[in-house]
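Summary of structural features
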Amino acid sequence: MTPQITLALSKGRIFDETLPLLAAAGIEVLEDPETSRKLILPTNRPDVRVVLVRATDVPTYVQYGGADIGVAGKDSLLEHGGQGMFRPLDLQIARCRVSVAVRADFDYAQAVRQGARLKVATKYTHIARQFFSAKGVHVDLIKLYGSMELAPLIGMADAIVDLVSTGNTLRANDLVEVEQIMDISSHLVVNQAALKLKQAPLKRIIDAFARAIAQD
Ligand code: AMP
């Protein structure tokens with residue numbers, strides 16, 4: 001019997017940009033996550049199903065075997081730590097960057113030069129801690145789960161660390177990008193035990209994804 005493969009995806013850009021890769025592997029998701037309320041989506045292949053989880057939870061589902069395979073942003077992987085999984089492919093999708101942004105009237109360069117202690121609001125506490133510590137800047141990190149842009153506007157933080165794609169969200173909130181910390185794209189992650197137990201079907205998916213990326 002063919003083993004069941006469970007693939008963890010998050011709604012939005014990652015889901016949309018993974019669909020062509022799945023098509024290259026002969027896998028078609030049969031329901032649209034934007035209209036369906038289901039958390040487990042069937043595919044045209046009886047042995048493959050998709051589970052919809054929060055982007056930041058994809059590494060956790062793959063780590064604990066809730067999913068055999070998943071697509072996770074490098075940001076989510078760095079925050080999670082990446083234990084218990086292989087990372088065989090950079091899918092080069094859902095590209096963006098992690099940046100530091102401040103209010104247009106805040107002189108970030110001067111604050112850094114003067115050795116000021118900065119209040120930084122972010123969902124990405126690991127990435128931010130590592131970045132500022134390597135730079136020798138003292139920070140108080142304020143953990144938020146969304147709408148980071150609000151924190152400097154209401155005076156709760158001097159800076160934010162967040163994902164930036166077009167920069168429109170920052171501009172709309174009168175924030176300016178002052179440092180680019182790293183480029184982000186989504187990676188394929190595979191549960192280590194599943195890669196041994198379900199080696200053949202997982203390898204077929206990984207190879208099909210790799211061929212599709214190489215063609216782009
Ligand atoms: P933008 O206005 O295009 O710069 O996009 C910034 C907003 O979209 C921020 O709220 C980000 O958290 C979010 N964002 C940008 N790129 C991504 C991505 N690849 N994955 C998830 N969220 C993103």
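The structure displayed is predicted, hence computed values, not measured ones. (Residues numbered from 1 in each chain as written. Predicted model: local features only at pLDDT ≥ 70, side-chain atom pairs only at ≥ 80, totals over all residues. Heavy atoms only, no water.)

1. Brief notes about the site of the ligand
The immediate surroundings of the ligand are formed by Arg13, Ala94, Cys96, Glu149, Asp162, Leu163, Val164, Ser165, Thr166, Gly167, Asn168 and Thr169. Measuring from a nitrogen atom of the ligand, one finds a backbone N or O atom of Ala94 at 3.1 Å. Between the ligand and Ser165 there is a distance of 2.8 Å, counted from an oxygen atom to a backbone nitrogen or oxygen. Calculation on the ligand without its partners gives an accessible area of 490 Å², and the protein chains cover 68% of this total. With respect to the detected pockets, the ligand is housed in the largest pocket. Looking at the shell around the ligand, the elements with two or more residues in it are strand 9 (159–164) and helix 7 (168–172). For the shell around the ligand, the per-class residue count stands at 4 nonpolar, 5 polar and 3 charged. (Near = heavy atom within 4 Å. Polar contact = N/O pair within 3.5 Å; in protein donor to acceptor, adjacent residues only side chain to side chain. Areas by Shrake-Rupley, 256 points an atom, 1.4 Å probe, with all protein chains shown as cover. 1 Å grid on protein atoms, 1.4 Å probe; cavity = no way out; pocket = protein on both sides within 12 Å on 5 of 7 lines; lining within 4 Å. Sits in = over half its atoms within 2 Å of the grid points. Helix = DSSP H or I, 4+ residues; strand = E, 2+ residues; numbered from the N terminus. Nonpolar A, V, L, I, M, F, W, Y, C, P; charged D, E, K, R; others polar.)

2. Side note on the sheet that holds strand 2 (residues 40–42)
Across the sheet, which stays open at both edges, the 6 strands sit in the order 2-3-1-4-11-5 with mixed pairing between neighbours. Strands with a single pairing partner mark the edges of an open sheet, and in this sheet they are strand 2 and strand 5 (85–90). Across this sheet, the average inter-strand angle for adjacent strands is 30°, counted without regard to direction. Here strand 1 (residues 5–9) pairs with strand 3 (residues 48–52) via 5 bridges, running parallel. Note on strand 3: the bridge partner recorded for Ile5 is Val48. Helix-sheet contacts for helix 1 (residues 13–24) involve strand 1, strand 2, strand 3, strand 4 (69–73) and strand 11 (186–191), and the interaxial angle to strand 1 is about 140°. (Pairing = 2+ DSSP bridges. Axes fitted to C-alpha atoms, helices over the stretch in contact; angles between N-to-C directions. Contact = heavy atoms within 4.5 Å.)

3. Regarding helix 5 (residues 125–135)
For helix 5, the complete set of buried residues consists of Thr125, Ile127, Ala128, Phe131 and Phe132. Down the axis of helix 5, the buried side of the element spans an arc of 160°, and every buried residue falls inside it. The outward face of helix 5, more than 90 degrees from its buried face, is lined by the exposed residues Gln130, Ser133 and Ala134. Taken from the residues just after helix 5, Gly136 is the one with a positive phi, measuring 75°. (Buried < 20%, exposed > 50% of the residue type's maximum accessible area, 1.4 Å probe, protein only. Arc of directions from axis to C-beta.)

4. Focus on the layout of surface pockets
Space inside the largest pocket adds up to approximately 500 Å³. What lines the largest pocket is a set of 22 residues, among which Ala55, Asp75, Lys123, Tyr124 and Leu163 lie closest to the centre. Taken together, the elements giving at least two residues each to the lining of the largest pocket come down to helix 1, helix 3 (74–80) and strand 9. Of the residues assigned to the lining of the largest pocket, the class counts are 9 nonpolar, 7 polar and 6 charged. Considering only enclosed or pocket space, the second largest pocket measures out at about 180 Å³ in volume. Every residue lining the second largest pocket is listed: Arg54, Thr56, Thr60, Ser76, Glu79, His80, Lys123, Tyr124, Lys143 and Tyr145. Per element, the largest residue contribution to the lining of the second largest pocket is 3 residues, and it comes from helix 3. The residue inventory of the lining of the second largest pocket, partitioned by class, reads 2 nonpolar, 4 polar and 4 charged. Here the lining of the second largest pocket spans two domains, and each of domain 1 (5–94 + 185–215) and domain 2 (96–182) adds at least three residues to it. (Points joined across faces, edges and corners; volume = space filled by probe spheres on them. Domains from an automatic or database assignment.)

5. Notes on the pattern of salt bridges
Using the criterion set out here, one finds 9 salt bridges in the structure. Between Arg97 and Glu177 there is a salt bridge whose closest N-O contact spans 2.7 Å. You can see Arg97 sitting in strand 6 (residues 96–103) and its partner Glu177 sitting in strand 10 (residues 175–184), a full 80 residues away along the chain. Across the pair Asp140 and Arg117 runs a salt bridge, and its minimum N-O distance is 3.1 Å. A residue pair is termed long-range when its members are at least 10 positions apart, and Asp140 in strand 8 (residues 139–143) and Arg117 in the loop between helix 4 (108–113) and strand 7 (118–122) qualify at 23 residues. Looking at Arg117, the relative accessible area reads 51%, which means it is exposed. (Salt bridge = Lys/Arg side-chain N within 4 Å of Asp/Glu carboxyl O.)

These results come straight from atomic positions and should not be treated as a statement about function.
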